Amino acid sequence: NALTTVTSQFTTRVSIALLITGLVTGPTAVTWTLDDTVSVATVALVFDLGRRLAGIRVGLLAALFLSVLPLPIKYAHYAHVDVLVTFTMLAALWGAVRLWDDGRTRWYLFSGLATGVSVSTQYYGLTIGAALGVAHLGWVWRHRRSIRALVRPALFLGLAAIPVGAFLVSPYLF
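It should be emphasised that the depicted structure is a prediction, and the values quoted were computed from it without experimental measurement. Once a new chain begins, its residue numbering starts again from 1 and follows that chain's sequence as written. Thresholds applied to this predicted model are a pLDDT of at least 70 for local features of residues and 80 or more for the giving and counting of side-chain atom pairs; totals over whole chains, interfaces and linings are not thresholded and use all residues. By convention in this description, side-chain values take in all heavy atoms of the structure and omit both hydrogens and water.

Go over the overall build of the chain with me, naming the residues and quoting the values.
A run of H or I in DSSP becomes a helix once it reaches four residues, and a run of E becomes a strand once it reaches two; helices and strands are each numbered from the N terminus. A tally of regular secondary structure across the chain gives 8 helices and 0 strands. The order of α-helices and β-strands along the chain, N terminus first, is α-α-α-α-α-α-α-α. Sorting the 174 residues of the chain into buried and exposed places 37% on the buried side. We get accessible surface area from the Shrake-Rupley algorithm with a probe of 1.4 Å; when it comes to residues, only the shown protein chains can shield them. When the accessible surface of the chain is split by element, carbon and sulfur atoms take 71% of a total near 10500 Å². Exposure classes here rest on a 1.4 Å probe applied to the protein chains alone. A residue is buried below 20% of its type maximum, exposed above 50%, and partly exposed in between.

See below:
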C-alpha cells in the first residue's frame, strides 16, 4: 500500500528530526516539532475524511480551512494538548469511517485504540467512542447483515481496545 510506505518513511524521518532537534536545541524544540508534526498529520486526516465522505473537493477544502484557521495554528505553536486530542479523535473517527465501509476487525481495533489514546490525552476524548458503535451499526445496516451481527466479536475487541489504548499511553491513569 502506497499510504503505508509513505507513512513509514515519514515516521522515520520525523524520528530522526526529533532526535537531532533535541540534541541541538533542547526539549522545548522537540515538543514544538512534535506538535507541528501532529498538526500536519491532522490536516492530512481531515483531507482523507473529507475525501472519503464527500469527495476530493470537500477533502481539499476541509484541509485548506483547517490549515489556515488561527486557533489550530496558535495551539500548534504553543504546544497545547488540544492538538494531540484533536488528532487522536480524528484518527478514531477515520477508523470508524473505514469500519463503516468494510467492517474489518482491524478498524474496530484501530478506532478503539485511538479512542483510548484520546481519553488519556483529555477525558472528553471518550465521546468519540460513540463513532465506533455508530459505525458498527452502520456496517450492519449497510451490508444487510442479520441481527446476530450486532453482537459481532470484533465490536467487543474494539470496545476492549479503548482502555488498552488509554493504559498504553498513560499507565498511571488506572
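Describe in detail the pattern of salt bridges, supporting the description with residues and values.
The salt bridge definition used is simple: a Lys or Arg side-chain nitrogen within 4 Å of an Asp or Glu carboxyl oxygen. A full pass over the atoms with the stated rule returns 4 salt bridges. In this structure, Asp48 engages Arg51 in a salt bridge whose closest nitrogen and oxygen atoms are separated by 2.6 Å. Residue Asp48 and its partner Arg51 are both found in helix α2 (residues 27–54); the two are separated by 3 residues, about one turn of the helix. The shortest N-O distance in the salt bridge between Asp48 and Arg52 comes to 3.0 Å. Residue Asp48 and its partner Arg52 are located together in helix α2, separated by 4 residues, close to a single helical turn. The buried category is assigned to Asp48, whose relative accessible area is 12%. Here Arg52 falls in the partly exposed class, since its relative accessible area comes to 30%.

For the packing of aromatic side chains, give the residues involved together with the corresponding values.
Any pair of Phe, Tyr and Trp rings, taking the six-membered ring for Trp, is counted once the centres come within 6.5 Å. Such a pair is stacked with planes under 30 degrees apart, edge-to-face with planes over 60 apart, and tilted for the rest. Applying the stated criterion to the full structure yields 3 aromatic pairs. On the basis of an interplanar angle of 80° and a centroid distance of 6.1 Å, the ring pair of Trp107 and Phe110 is categorised as edge-to-face. In this pair, Trp107 and Phe110 are both assigned in helix α6 (residues 105–121), 3 residues apart and thus about one turn of the helix distant. When its relative accessible area of 9% is taken as the criterion, Trp107 is described as buried. Relative accessible area serves as the criterion here: at 32%, Phe110 is assigned to the partly exposed category. Above the face of the Trp139 ring, Arg152 is positioned so that its terminal group lies 4.4 Å from the ring centre. In this analysis the charged atom, NZ for Lys or CZ for Arg, is taken to sit over a ring once it is within 6 Å of the ring centre and within 35 degrees of the ring normal.

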